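# Chain and residue survey
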Amino acid sequence: MDIRELKPLLRTLVGELEEAVPYATAFAATSYGRSATVDTRNRRVSFARPVAGVVFSAFTGKHFIEQATNDFSEEALRLAVKELLGHCQAAGIDKNSEMVIAPGEELDKEYFVEVQKDPTTLSLEDMLDKGADTRERISKLSPRFTTCGVTYGYTTRCELFVNRTKSLYQELPRWDSIWFGMLADKGASIMAHGGDSRPGGYELMTFDENIAARKIANYEKLLGAPRIPNPGMHDCIFSPGVAGLTAHEAFGHGTEVDMYLKERGKGHQFRNKRVAAKGVDMLDSPARPGLPGSYFFDHEGNLAAETKIIDDGILVRGLTDVNSAIRLNYEVTPNSRRQDYSHKAYARMTNTFFGPGENTLEEMLETIKHGYLVGLPSNGMEDPKGWGIQCEASLAREIIDGELTDNFFTPVCITGYVPELLESITMVGKDLQFFTLGACGKGKMKEFVRVSYGGPFLRLKARIA
């Protein structure tokens, strides 16, 4: 069903909840999608698990309590509210609590991503045929491909948020164009991949042969490449992708304020203190168009906006959900996200990136007598309590006397203490680039949301191996 039809009933039910509790909301969501994959041996289609339901949230003055249902009937929704009120009364309600949640200004609005070609009108056979054509073109970019494949697909999320002053609806279609393959030569092999994920329709079902060719050429140079022979601290230049992965792992999770409540985020101790070199900015923004982590409002009804986490090297704010913000007296940021209606809302990253500076890659290279250009990010992990970081990349290219050599190494592991790493930054590139194929897991059950990360080139010292 079109969840916008629920708006009048949800507003009524939120009003009934607020006769008993200080604050209440309703969040309804549906999602659907499908994909087609063509590889060397198979053609197959898959359908995203359909999701549809409503979650009611009530703040008792002490705690947030929620009740969800996947039944959109009025009877089921009223039953969910009745059960939620029972849980609230059992927990105790304090209508005079000092913790007050502002519902925001009156706003009734619908938001849509522009779609030029509706993906639901595209047949699965057409998706498979287009995938087969693209797979053939990619396979010709290297004679070293042993297997090669392409996935085209889309997912559309429809979301409705209601509280006493707001009724907000958004449609968030996303198109994925992904290629992958195994390269092999003389007994060595490496997995290569690339592509894009963007808001929109199947007008995005495109393939940039030049971008893919450059990336595949880099992967080819890693076939049989050794590990870095002298692990330790080195002068490095991080590619925009590796810079973005560092931003995501270093200060994304480390400044998600709900972690502070659990005493698992060290960022709370560094608020308004220097954590990076002067000239270094780090931001998170769901308001940047064209990125997979973007939206018009978060899952607690906060309109999308840019949040500056680090300003000229100073940690100025963290990323919040409403619960963490009111308990720690933080500014509310639009970062409350659920995997879907049946999962908890957490403070989550969206599109996290280093801000641009004034330097070119050539200027950075000129300053390095010996070091490495690190690129092709793969994955990372962090310890927000201790602020340790570990990121992995597939490529390190040796720099000697300011020149890139043909000496390549793989894989590359980056480790260190976050402030030490970021305080070593001496040059920041001019141009932003984003890596758009990422997803971020959080919580015991690893609840996932789509994100992107990026930045410019960074010149810094890093511990690599």
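As shown above, the structure is provided for reference.
Report follows, based on the coordinates. Position labels on residues start from 1 in each chain and follow its written sequence. Local features are withheld for residues below a pLDDT of 70 in this predicted model, meaning they are given only at 70 or higher, and side-chain atom pairs are given and counted only at 80 or more; totals for whole chains, interfaces and linings count all residues. To get the side-chain values, all heavy atoms of the structure are used, and hydrogens and water are removed first.

Here we come to the sheet that holds strand S22 (residues 447-455). Spatial ordering of the open sheet is given by S12-S11-S10-S15-S22-S21, a layout of six strands whose pairing is mixed. Either end of the sheet is taken by a strand with one partner, and the two such strands are strand S12 (314-315) and strand S21 (433-442). In this analysis, strands are considered paired if DSSP registers two or more bridges between them. Each helix is a run of H or I in the DSSP string that is no shorter than four residues. Each strand is a run of E no shorter than two, and both are numbered from the N terminus. Inspection of the sheet shows strand S11 (residues 307-311) paired to S12 by two bridges, in the antiparallel sense. Paired with Asp-311 across the two strands is Ile-314, which belongs to S12.

Each reported salt bridge corresponds to a side-chain nitrogen of Lys or Arg within 4 Å of a carboxyl oxygen of Asp or Glu. For the structure on display, the rule yields 29 salt bridges. The partner of Glu-110 in a salt bridge is Arg-4, with the nearest N and O atoms 3.1 Å apart. With Glu-110 in strand S5 (residues 107-112) and Arg-4 in the segment before helix H1 (7-17), the pair connects residues that are 106 residues apart, well separated along the chain. Put simply, Asp-2, Arg-4 and Glu-110 are held in one network by salt bridges that share partners.

On to the side chain of Thr-320. By the secondary structure assignment, Thr-320 is in the loop between S12 and helix H7 (322-328). Every residue pair with non-hydrogen atoms within 4.5 Å of one another is taken to be in contact. Leave out the neighbours within four places in its chain, and Thr-320 touches Val-257, Ala-325, Tyr-330, Glu-331, Val-332, Thr-333, Asn-335, Ser-336 and Ala-347.

Take the nonpolar core next. By nonpolar core we mean a set of buried residues, namely Ala, Val, Leu, Ile, Met, Phe, Trp, Tyr and Cys, connected to one another through side-chain atoms within 4.5 Å. Residue burial is assigned from relative accessible area. The probe radius is 1.4 Å, only protein chains are included, and a residue is buried under 20% of its type maximum, exposed over 50%, and partly exposed in between. Membership of the largest hydrophobic core comes to 45 residues, with the highest contact counts inside it found for Phe-238, Phe-251, Ile-310, Phe-354, Val-374, Leu-422 and Ile-425. If one sorts the elements of this core by residue count, helix H5 (residues 240-252) sits on top with six residues. Once you skip the residues sitting within four places of it in the chain, Ile-425 turns out to touch Ala-277, Val-280, Phe-354, Leu-458, Arg-459 and Leu-460.

Attention shifts here to helix H4 (residues 209-221). The end-to-end C-alpha separation of H4 is 18 Å, in line with the 18 Å expected for 13 residues at 1.5 Å each. Against helix H3 (124-139), strand S6 (145-162), strand S7 (166-185), strand S8 (188-199) and strand S16 (370-383) lie the buried residues of H4. Side-chain atoms alone can form a polar contact between residues adjacent in sequence; in general such a contact is a pair of N or O atoms within 3.5 Å, and within protein one must be able to donate a hydrogen while the other accepts it. For H4, the N-terminal capping position is held by Asp-208, with its side-chain oxygen 3.1 Å away from the main-chain nitrogen of Asn-210. Here a helix's expected span is defined as the number of its residues, less one, multiplied by 1.5 Å.

Glancing now at a negative patch on the surface. A cluster of acidic residues, Glu-362, Glu-363, Glu-366 and Glu-403, forms a negative patch on the protein surface. The greatest single-element share of the negative patch, amounting to three residues, is contributed by helix H8 (residues 361-366). Following the sequence through the fold, Glu-363 ends up in helix H8. Relative accessible area serves as the criterion here: at 35%, Glu-363 is assigned to the partly exposed category. Patch membership is restricted to residues that have no salt bridge and whose relative accessible area is over 30%. Joining uses 9 Å for like charges and 5 Å for the nonpolar side chains Val, Leu, Ile, Met, Phe, Trp and Tyr. Values of accessible area rely on a 1.4 Å probe in the Shrake-Rupley scheme; residue burial ignores everything except the protein chains shown. Asp and Glu are treated as the negative residues and Lys and Arg as the positive ones, with His and the ends of the chain left uncounted. The atom standing in for a charge is NZ when the residue is Lys, CZ when it is Arg, CG when it is Asp and CD when it is Glu.

Before going further, it helps to spend a moment on the environment of Arg-174. Relative to the helices and strands, Arg-174 resides in strand S7. Separated by 30 residues in the primary sequence, Arg-174 and Leu-204 place their C-alpha atoms 9.4 Å from one another. Here Asp-176 takes part through its side chain, which lies 3.2 Å from a polar atom of the side chain of Arg-174.

Turning to the pairing of strand S9 (residues 232-238), a few remarks are in order. Counting buried positions over the seven residues of S9 gives six, a clear majority of the element. Looking at chain direction, S9 and strand S23 (residues 458-464) are connected through seven bridges and run antiparallel. Residue Met-233 lies in a different strand from S23, and its bridge partner there is Arg-463.

This next bit is on the packing of aromatic side chains. Working definition: a ring pair exists when centres of Phe, Tyr or Trp rings (six-membered ring for Trp) sit within 6.5 Å. Plane angles under 30 degrees give stacked, over 60 give edge-to-face, the rest tilted. Taken as a whole and judged by the stated rule, the model has 11 aromatic pairs. Measuring from ring centre to ring centre gives 6.3 Å for Tyr-152 and Trp-175, while their planes differ by 35 degrees; the resulting arrangement is tilted. A residue pair is termed long-range when its members are at least 10 positions apart, and Tyr-152 in strand S6 and Trp-175 in strand S7 qualify at 23 residues. One exposure class covers both Tyr-152 and Trp-175, and it is buried. With 6.2 Å between their ring centres and 10 degrees between their planes, Tyr-154 and Trp-175 make a pair best called stacked. With a gap of 21 residues between them, Tyr-154 in strand S6 and Trp-175 in strand S7 connect regions that are remote in the sequence. Since its relative accessible area comes to 1%, Trp-175 is described here as buried. Among the aromatic residues, those joined into a ring-pair cluster are Tyr-111, Phe-296 and Phe-297. Cation placement over rings: the criterion is NZ of Lys or CZ of Arg within 6 Å of the ring centroid and within 35° of the ring normal. Taking the ring centre of Phe-353 as reference, the NZ or CZ of Arg-288 above it sits at 4.9 Å. When the ring centre of Tyr-346 is taken as origin, the NZ or CZ atom of Lys-344, which lies over that ring, is 4.5 Å away.

Time to look at the packing of H1 against helix H2 (residues 74-91). Relative orientation of the contacting elements H1 and H2 amounts to 20 degrees, with a least axis distance of 11 Å. On the basis of their axis angle, the class for H1 and H2 is roughly parallel. Like other packed secondary-structure pairs, H1 and H2 cross with a definite hand, here right-handed. Residues Leu-9, Leu-10, Thr-12, Leu-13, Glu-16 and Leu-17 of H1 pack against Glu-74, Leu-77, Arg-78, Val-81, Leu-84 and Leu-85 of H2. Of the residues that constitute the contact of H1 with H2, the class distribution is eight nonpolar, one polar and three charged. In this analysis an axis means a line fitted to C-alpha atoms, helices contributing only their contacting stretch, and an angle means the value between N-to-C directions, from 0 to 180 degrees. Roughly parallel refers to an angle under 35 degrees, roughly antiparallel to one over 145, roughly perpendicular to one between 65 and 115, and oblique to any angle outside these ranges. By definition, turning the near helix anticlockwise from the far helix through less than a right angle yields a left-handed crossing, and turning it clockwise yields a right-handed one. All residues other than Ala, Val, Leu, Ile, Met, Phe, Trp, Tyr, Cys, Pro, Asp, Glu, Lys and Arg, Gly among them, are scored as polar; the first ten of these are nonpolar and the last four charged.

It is worth spelling out the environment of Glu-249 at this point. Assignment of secondary structure puts Glu-249 in helix H5. Note on Glu-249: relative accessible area 8%, which makes it buried. What Glu-249 contacts, discounting residues up to four positions off in sequence, is Gly-380, Met-381, Glu-382, Ile-389 and Cys-391.

Now for the state of the cysteines. Count a disulfide wherever a pair of cysteine sulfur atoms falls within 2.5 Å. Throughout the structure, instances matching the rule amount to zero disulfides. Free cysteine Cys-236: the closest other cysteine sulfur is in Cys-413, separated by 12 Å. On the basis of relative accessibility, which here comes to 0%, the residue Cys-236 falls in the buried class.

Here the focus is a positive patch on the surface. Together, Lys-262, Arg-264, Lys-344 and Lys-385 give the surface a local cluster of positive charge. Following the sequence through the fold, Arg-264 ends up in the loop between helix H6 (258-261) and strand S10 (282-284). On the accessibility criterion, Arg-264 (37% relative accessible area) is partly exposed.

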